[in-house]
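Coordinate analysis (summary)
Each chain is listed here by its residues.
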Amino acid sequence: MSLIAAKSDYIFKADQVYRNLREFEESFESEAQVINYAKCVLIRKEELEDFYVNGISVSVYENHNGYELHYLDYVMDINVYEDQIIAFDVHH
């Protein structure tokens, strides 16, 4: 592989890594905002209903373990015990 091809390949791969990191950072930020809002509502012993936080619209669905929070392109399953979030999972 020539030096120019190697540098080109490195630049392409580095750019992809940086884009992936930027995307992860954005999804992590929205995840943190949603979970923080839900945590505050639950700790105040209020009913968790559809909400809007920092530009993110969240639809709330109650299930047997807690709630499903639908926002952007994600679904966050939160398990609740005695008004506290004990576990959560985020997926597309």
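Definitions and limits used
- Residues numbered from 1 in each chain as written.
- Predicted model: local features only at pLDDT ≥ 70, side-chain atom pairs only at ≥ 80, totals over all residues.
- Heavy atoms only, no water.
- Helix = DSSP H or I, 4+ residues; strand = E, 2+ residues; numbered from the N terminus.
- Buried < 20%, exposed > 50% of the residue type's maximum accessible area, 1.4 Å probe, protein only.
- Polar contact = N/O pair within 3.5 Å; in protein donor to acceptor, adjacent residues only side chain to side chain.
- Pairing = 2+ DSSP bridges.
- Axes fitted to C-alpha atoms, helices over the stretch in contact; angles between N-to-C directions.
- Expected span 1.5 Å × (residues − 1).
- Contact = heavy atoms within 4.5 Å.
- Salt bridge = Lys/Arg side-chain N within 4 Å of Asp/Glu carboxyl O.

With respect to the side chain of Ser27
By the element assignment, Ser27 lies in helix H1 (residues 3–43). Judged by relative accessible area, Ser27 falls into the buried class, the value being 17%. Within the structure, Ser27 has its side chain in polar contact with the backbone oxygen of Phe24 (distance 3.0 Å).

Quick look at the pairing of strand E3 (residues 66–71)
Of the pairings in the sheet, the one linking strand E2 (residues 56–62) to E3 comprises five bridges and is antiparallel in character. Looking at the pairing, Ser59 lines up with His70 of E3. Counting the residues that bridge the hairpin from E2 to E3 gives three residues. The turn linking E3 back onto strand E4 (residues 74–81) is made up of two residues, and Leu72 within it adopts a positive phi angle of 45°.

A closer look at the sheet that holds E4
Strand order across the open sheet formed by five strands is E1-E2-E3-E4-E5, with antiparallel pairing between neighbours. Since the sheet does not close on itself, it has two edges, and those belong to strand E1 (51–53) and strand E5 (84–91), each with one partner. This sheet shows a mean twist of 25° between the axes of neighbouring strands, independent of strand direction. Where E4 lies against E5, seven bridges are found, and the strand directions are antiparallel. Paired with Asp77 across the bridge in E5 is Asp89.

Digging into H1
Compared with the 60 Å implied by 1.5 Å per residue over 41 residues, the 59 Å span of H1 between its first and last C-alpha is a close match. Taken together, the buried positions of H1 are Ala14, Ser27, Ser30, Glu31, Val34, Ile35, Ala38, Val41 and Leu42. Elements in contact with the buried residues of H1: E1, E2, E3, E4 and E5.

Some points on the pattern of salt bridges
For the coordinates displayed, the defined rule picks out four salt bridges. For Asp9, the salt bridge goes to Lys13, with nearest N and O atoms at 3.1 Å. Of this pair, Asp9 and Lys13 both sit in helix H1, four residues apart, which is roughly one turn of that helix. When the shortest N-O distance is used, the salt bridge between Arg19 and Asp15 registers 2.4 Å. Taken as a pair, Arg19 and Asp15 lie in helix H1 at a separation of four residues, close to a single helical turn.

Taken by themselves, the reported measurements are silent on function.
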